[in-house]
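Architecture and fold: a report
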Amino acid sequence: MAIQRTFSIIKPDATKRNLTGKIIAKFEEAGLRVVASKRIQLSLAQAQAFYAVHKERPFYDELCEYMISEPVVVQVLEGENAIAKNREVMGATNPADAAEGTIRKEFALSVGENSVHGSDAPETAAEEIAFFFSGIELVG
């Protein structure tokens, strides 16, 4: 297995409920290490640019409004098979379908307010990391 980096967002519903530390603990307990992290308030333009891949979908505007509703925590996680591990720890998008012990099963409020985002592939991870972090911010 290879050491990878992946991108993660702790979403507005989780930051509003002060769950940041509990969510980060779940990542760390799973063997992922936070190598970059910052709490930010997304602008509408940033949310629209980040989620541009979904622009034609009916939920796009609602998603962008949700993502600017409260601060978020953007992170780079590193570890063995980090992309797959992160997605395993997050759980299914729909919290009703998520496995016990996953972040979404434990903390998500709904399919839309599902507490976390994680990259789905190495290419996506690289793009999403570069969207929020410069090289100098990524410490090993």
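To be clear, the structure that these remarks concern was listed above.
Report follows, based on the coordinates. Source: prediction; values computed, not measured.

1. Overview of the pattern of salt bridges
Counted according to the given criterion, the structure contains five salt bridges. Taking the shortest distance from any N to any O, the salt bridge between glutamate 78 and arginine 5 comes out at 2.8 Å. Remark: arginine 5 occurs in strand β1 (residues 3–10) and glutamate 78 occurs in strand β3 (residues 72–80); sequence separation between them is 73 residues. Since its relative accessible area comes to 16%, glutamate 78 is described here as buried. Take arginine 5: its relative accessible area is 28%, and that puts it in the partly exposed class. In this structure, glutamate 88 and lysine 85 form a salt bridge, with 3.7 Å as the shortest nitrogen-oxygen distance. Remark: lysine 85 and glutamate 88 occur in helix α5 (residues 82–90); sequence separation between them is three residues, near one turn of the helix.

2. So, the sheet that holds β3
Within the open sheet, the four strands sit side by side as β2-β3-β1-β4. Their pairing is antiparallel. Of all the strands in the sheet, the pair left with one neighbour each is β2 (33–40) and β4 (116–118). The mean angle between the axes of side-by-side strands here comes to 20°, regardless of whether they run parallel or antiparallel. Of the strand pairs in this sheet, β2 and β3 are connected by seven bridges, and their pairing is antiparallel. When the sheet's bridge partners are listed, arginine 33 is paired in β3 with glutamate 78. Strands β1, β3 and β4 of the sheet are contacted by α5, whose axis makes an angle of about 35° with β1. Running over the sheet, helix α7 (residues 122–132) touches β1, β2, β3 and β4 and is turned about 55° from β1.

Procedures and definitions
Residues numbered from 1 in each chain as written. Predicted model: local features only at pLDDT ≥ 70, side-chain atom pairs only at ≥ 80, totals over all residues. Heavy atoms only, no water. Salt bridge = Lys/Arg side-chain N within 4 Å of Asp/Glu carboxyl O. Helix = DSSP H or I, 4+ residues; strand = E, 2+ residues; numbered from the N terminus. Buried < 20%, exposed > 50% of the residue type's maximum accessible area, 1.4 Å probe, protein only. Pairing = 2+ DSSP bridges. Axes fitted to C-alpha atoms, helices over the stretch in contact; angles between N-to-C directions. Contact = heavy atoms within 4.5 Å.

Structural measurements only, silent on function.
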